[in-house]
Amino acid sequence: GNSVTQMEGPVTLSEEAFLTINCTYTATGYPSLFWYVQYPGEGLQLLLKATKADDKGSNKGFEATYRKETTSFHLEKGSVQVSDSAVYFCALSLANQAGTALIFGKGTTLSVSS
Amino acid sequence: EPEVTQTPSHQVTQMGQEVILRCVPISNHLYFYWYRQILGQKVEFLVSFYNNEISEKSEIFDDQFSVERPDGSNFTLKIRSTKLEDSAMYFCASSDRGGPKETQYFGPGTRLLVL
């Protein structure tokens, strides 16, 4: 079946450290890939997305590249801030019909300290 | 910036009771979704809705669940007879178009606790 696997958290970093959160997927077909972020007490917000192989999504200093050969979509940021502390969810969506469901990973909690 | 809103933010109910969770999607969006997240687990898809009918639903969305767009702005999820295992955070989402490339915009969620 279709699924998303994320690295286990929590991830604890100091401010200005480099961040990588690994995400791999299993899908029948060619999914679109997303990273959503959930700040404390809030809903999920789209962070970035990529809809075809080799696309790079980027936003707020975060980047992720759609790697079809390794079925991965790892999230990176060169220098994290305390305000980046949140839960990060990798997700995929597949072309079958309108109103397509998102399939999420378990989420990775990031905690950044000053 | 337009956003999805949900009410109530928290709801406590007794097992066997009916609950209705309400959502106001972004006003020009046409596709609506419900997801849930049991504490410590993945966000799971429940149902999608377009043109006044369900377009897709998961195995979780059984006969005790129903969705409705009662007017031009609200989108509701009804659980007819709640069970302890229905305790979760329920997220509503909307998108202006369907299909896998489209961004779904999520509300802040309703935390449901069934006692």
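Residues numbered from 1 in each chain as written. Chains lettered and ligands numbered in written order. Predicted model: local features only at pLDDT ≥ 70, side-chain atom pairs only at ≥ 80, totals over all residues. Heavy atoms only, no water.

Q: Can you walk me through the sheet that holds strand 1 (residues 5–7) of chain B in this structure?
A: By definition, the strands of a sheet pair up through backbone hydrogen bonds, in either a parallel or an antiparallel sense. Residue and element names in this part refer to chain B. The 4 strands are arranged 1-3-8-7 in an open sheet whose pairing can be described as antiparallel. Every other strand in the sheet has two partners, leaving strand 1 and strand 7 (65–68) as the edge strands with one partner each. Direction aside, the axes of adjacent strands within the sheet are offset by 20° on average. Pairing of strand 3 (residues 19–24) with strand 8 (residues 75–79), which is carried by 5 bridges, proceeds in the antiparallel orientation. Residue pairing across strands places Ile20 opposite Lys78, the latter belonging to strand 8. (Pairing = 2+ DSSP bridges. Helix = DSSP H or I, 4+ residues; strand = E, 2+ residues; numbered from the N terminus. Axes fitted to C-alpha atoms, helices over the stretch in contact; angles between N-to-C directions.)

Q: Please explain the sheet that holds strand 9 (residues 75–77) of chain A as it appears in this structure.
A: All names here are of chain A. Taken in spatial order, the 4 strands line up as 3-9-8-7 in an open sheet, and their pairing is antiparallel. Lying at the two open borders of the sheet, with one neighbouring strand each, are strand 3 (19–21) and strand 7 (56–59). The mean angle between the axes of side-by-side strands here comes to 15°, regardless of whether they run parallel or antiparallel. Strand direction decides the pairing type here: strand 8 (residues 62–65) and strand 9, joined by 3 bridges, are antiparallel. Bridge pairing in strand 9 links Glu63 to Glu76.

Q: I keep staring at the interface of chain B and chain A and nothing clicks. Help me out?
A: Frequently, the measure chosen for interface size is the accessible area that the parts lose on association. Contacts between the two partners involve 21 residues from chain B and, on the opposite side, 25 residues from chain A. When the two sides are added together, the surface that chain B and chain A hide from each other amounts to roughly 1,900 Å², 54% of it contributed by carbon and sulfur. Summed over the shared surface of chain B and chain A, the result is 0 salt bridges. Where chain B meets chain A, there are 9 residue pairs in polar contact (both at pLDDT 80 or more). Elements with a minimum of two residues in the side of chain B that touches chain A: strand 4 (31–37), strand 5 (43–50) and strand 6 (53–57) of chain B. With 4 residues, the top contributor of residues to the side of chain B that touches chain A is strand 4 of chain B. (Contact = heavy atoms within 4.5 Å. Buried area = accessible area lost by both parts, 1.4 Å probe. Salt bridge = Lys/Arg side-chain N within 4 Å of Asp/Glu carboxyl O. Polar contact = N/O pair within 3.5 Å; in protein donor to acceptor, adjacent residues only side chain to side chain.)

Q: What's the story with the state of the cysteines in this structure? I'm lost.
A: Between two cysteines, a covalent bond joining their sulfur atoms is known as a disulfide. For the coordinates displayed, the defined rule picks out 2 disulfides over all chains. In this model, Cys23(A) is linked to Cys90(A) through a disulfide, with the two sulfur atoms separated by 1.9 Å. Across the S-S bond of Cys23(A) and Cys90(A) the torsion is about -70°, and the bridge reads as left-handed. With a gap of 67 residues between them, Cys23(A) in strand 4 (residues 23–26) and Cys90(A) in strand 10 (residues 86–93) connect regions that are remote in the sequence. Here Cys23(A) falls in the buried class, since its relative accessible area comes to 1%. According to the relative accessible area criterion, Cys90(A) is buried, its value standing at 0%. Paired through a disulfide, Cys23(B) and Cys92(B) show a sulfur-sulfur distance of 2.0 Å. (Disulfide = S-S within 2.5 Å. Buried < 20%, exposed > 50% of the residue type's maximum accessible area, 1.4 Å probe, protein only.)

Q: Hey, could you run me through the side chain of Ser58(B) in this one?
A: Residue and element names in this part refer to chain B. Assignment of secondary structure puts Ser58 in the loop between strand 6 and strand 7. The exposure class of Ser58 is buried, given its relative accessible area of 19%. There is a polar contact of 2.8 Å between the side chain of Ser58 and the backbone oxygen of Phe45.

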